[in-house]
Each structure stands twice: as structure tokens, then as C-alpha cells.
Amino acid sequence: VNFLMPGLPFIYQGQEIGMENYSKFDSIDDIDDCSTKDEYQVALDAGLTPDEALKAVSMRSRDNARSPFQWNDKENAGFTTGTPWLKVNPNYSDINLAKQHDDELSVWNFYRSLIRLRKSPEYSNTIIYGSFEPYKEEQHNLLAYRRVADKDILIIANFQTDSQTVQLPCEIKKVLINNLTDVKQNGCNLLLDGYQFIVVEL
């Protein structure tokens, strides 16, 4: 949803393969973030035990998102043959670039489809320079907006487990991106499954 809004999109440290936060630090020595270390000391000074203080600061540490990039399922996730500055997330054998590279349904390939759409000669002008128009703001757990210039693009995301129906302003001309396999449309009504994200040209 964020990627197609106005402004310059960025991908942050493993987001493109769905890397998850690492928050199971064994001790404060596992943390490099100076802010977290300061908060840890404040927690100790307030009377927390070292375990309680570590648990309190671990959840919000910036180091959660700074673990080494997970290239593959080899030692240190393929990041280095040396010792990384932070521990590698133990889920690297399941979440890594090598595993997602040839999987068309992977997070990595989904990001590639977003980048291709943003850079495509047919749609880049609308996505980069087009107007931003919120759509169906009153609808619960739905985030939708239009990008309008030489094309009219509607971006819709269902932020709930239950499906919901969205009334479209007109019929869909073309489905550009869909994180699921089906598009359930009945005239100008679109039925979104739980957490479905779709980008369409109107």
C-alpha cells in the first residue's frame, strides 16, 4: 500500500523478503543500539531485574530490524564467513533470498512486481506524478486510494481476516497486481478476501 503512494518509496533492511524482527536477545551484550542500552540502564535504575529490563527494551529496540540480511540457508545466512555484528535471526533457513528467488509467489517477487509497475512506461507517470485521492475512507479496515493522471489506478487493501465488499466507481479495466489468485467481481462490486491487496486500472 505504501509503495504506490506519492513520494519516494524505500525498502528497509530485509523487508523485500519478509524478514522478521529479531527480539530474542539473551543479554544486553547482544544489542548494539545505544538508545536501547540507555533504556536498559534506566530500567535497571528503576528497579527492574536484568531479565525484566532486557525483556522491556528488547521489544522496541532498533536492533530488531538490523539483523544480518538472510541471503541463504548457509552459515550466518550467507551474510559473512566471519562473525556478524549482530546475531542472525534463527528463521533464516525458512526466510531467505535464495529460497524466494524462483518462487513467483514469494515476497521478493511481489516487491519486484511493485517495482516493475512503478517503473513501467505505461503507468509510471500516474504512479509518480498523479494525484492522490483517498477512496472509501469510511469503510472499516479498508485502505484504498486512487492515483490519477493519464491513467486511473485504484489501490485497495483489506486489513482484516474477514472478506468485505467494496463498491467500485466503475468496472475494472485491468488487474495490475493481486496478492491472491482470484479477483471476485460482480459488476461494480469487488469482494476482497481477508488481507487481499489489489491494484487495478479503472
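Note that the coordinates shown come from a computational prediction; the quantities given were computed from them, not determined experimentally.

A.B. asks: So what about the environment of Tyr145? Which residues, and what values?
C.D. replies: Its location among the elements puts Tyr145 in strand 2 (residues 142-148). By relative accessible area, which is 1% here, Tyr145 ends up buried. Note: C-alpha distance between Tyr145 and Asp51 (94 residues apart in sequence) is 45 Å. Those residues within four positions of Tyr145 in sequence are excluded, and the remaining contacts are Val1, Leu4, Met5, Phe132, Glu133, Pro134, Tyr135, Ile153, Leu154 and Ile155. A polar side-chain atom of Tyr145 sits 3.3 Å from the main-chain amide nitrogen of Met5.

A.B. asks: With reference to specific residues and values, describe the sheet that holds strand 4 (residues 164-167).
C.D. replies: Taken in spatial order, the three strands make up an open sheet running 4-7-6, and their pairing is antiparallel. Looking at strand neighbours, the two that pair on one side only are strand 4 and strand 6 (184-186), the edges of this open sheet. Direction aside, the axes of adjacent strands within the sheet are offset by 25° on average. By the bridge criterion, four bridges tie strand 4 to strand 7 (residues 189-192) in an arrangement that is antiparallel. From the neighbouring strand, Gln167 faces strand 7, where its bridge partner is Asn189.

A.B. asks: With reference to specific residues and values, describe the side chain of Asp33.
C.D. replies: With respect to the helices and strands, the residue Asp33 is situated in the segment before helix 1 (34-45). Note on Asp33: relative accessible area 3%, which makes it buried. For Asp33, the side chain forms a polar contact with the side chain of Arg62, separated by 2.6 Å. With residues up to four places along the chain from it excluded, the contact list for Asp33 reads Ser61, Arg62, Asp63 and Arg66.

A.B. asks: Describe helix 2 (residues 50-58), naming the residues involved and giving the relevant values.
C.D. replies: Taken as a whole, helix 2 has its buried residues at Ala53, Leu54, Val57 and Ser58. End-on view of helix 2: buried residues confined to an arc of 125°, all on one side of the axis. Among the exposed residues of helix 2, those pointing more than 90 degrees away from its buried face are Asp51 and Lys55. For helix 2, the secondary structure elements touched by its buried residues are helix 1.

A.B. asks: I'd like a description of the nonpolar core, backed by residues and values.
C.D. replies: With 15 residues, the main nonpolar core has Leu4, Leu114, Leu117, Ile153, Ile155, Phe197 and Val199 as its most contacted residues. Looking at this core, the elements with two or more residues in it are helix 4 (107-119), strand 3 (152-158), strand 5 (174-178) and strand 8 (197-201). When sequence neighbours within four positions are dropped, the list of residues in contact with Phe197 reads Val1, Leu4, Phe110, Leu114, Ile155, Ile156, Ala157, Ile177, Asn178 and Asn179. Counting 13 residues, the second largest nonpolar core, distinct from the first, contains Leu154, Ile156, Leu190 and Val200.

A.B. asks: Can you break down the sheet that holds strand 5 residue by residue, with the values?
C.D. replies: Read from one edge to the other, the open sheet built from five strands follows the order 1-2-3-8-5, with strand pairing classed as antiparallel. Two strands lie at the open edges of the sheet, namely strand 1 (131-134) and strand 5, each paired on one side alone. Direction aside, neighbouring strands of the sheet carry axes that sit 20° apart on average. Sheet topology note: the strand 5/strand 8 ladder contains four bridges and is antiparallel. Within strand 8, the residue paired with Lys174 across the bridge is Glu201. The sheet strands contacting helix 4 are strand 5 and strand 8, and the helix crosses strand 5 at an angle near 140°.

Rules used throughout
- Residues numbered from 1 in each chain as written.
- Predicted model: local features only at pLDDT ≥ 70, side-chain atom pairs only at ≥ 80, totals over all residues.
- Heavy atoms only, no water.
- Helix = DSSP H or I, 4+ residues; strand = E, 2+ residues; numbered from the N terminus.
- Buried < 20%, exposed > 50% of the residue type's maximum accessible area, 1.4 Å probe, protein only.
- Contact = heavy atoms within 4.5 Å.
- Polar contact = N/O pair within 3.5 Å; in protein donor to acceptor, adjacent residues only side chain to side chain.
- Pairing = 2+ DSSP bridges.
- Axes fitted to C-alpha atoms, helices over the stretch in contact; angles between N-to-C directions.
- Arc of directions from axis to C-beta.
- Core = buried A, V, L, I, M, F, W, Y, C linked by side-chain atoms within 4.5 Å.

Purely geometric stuff here, so don't read any function into it on its own.
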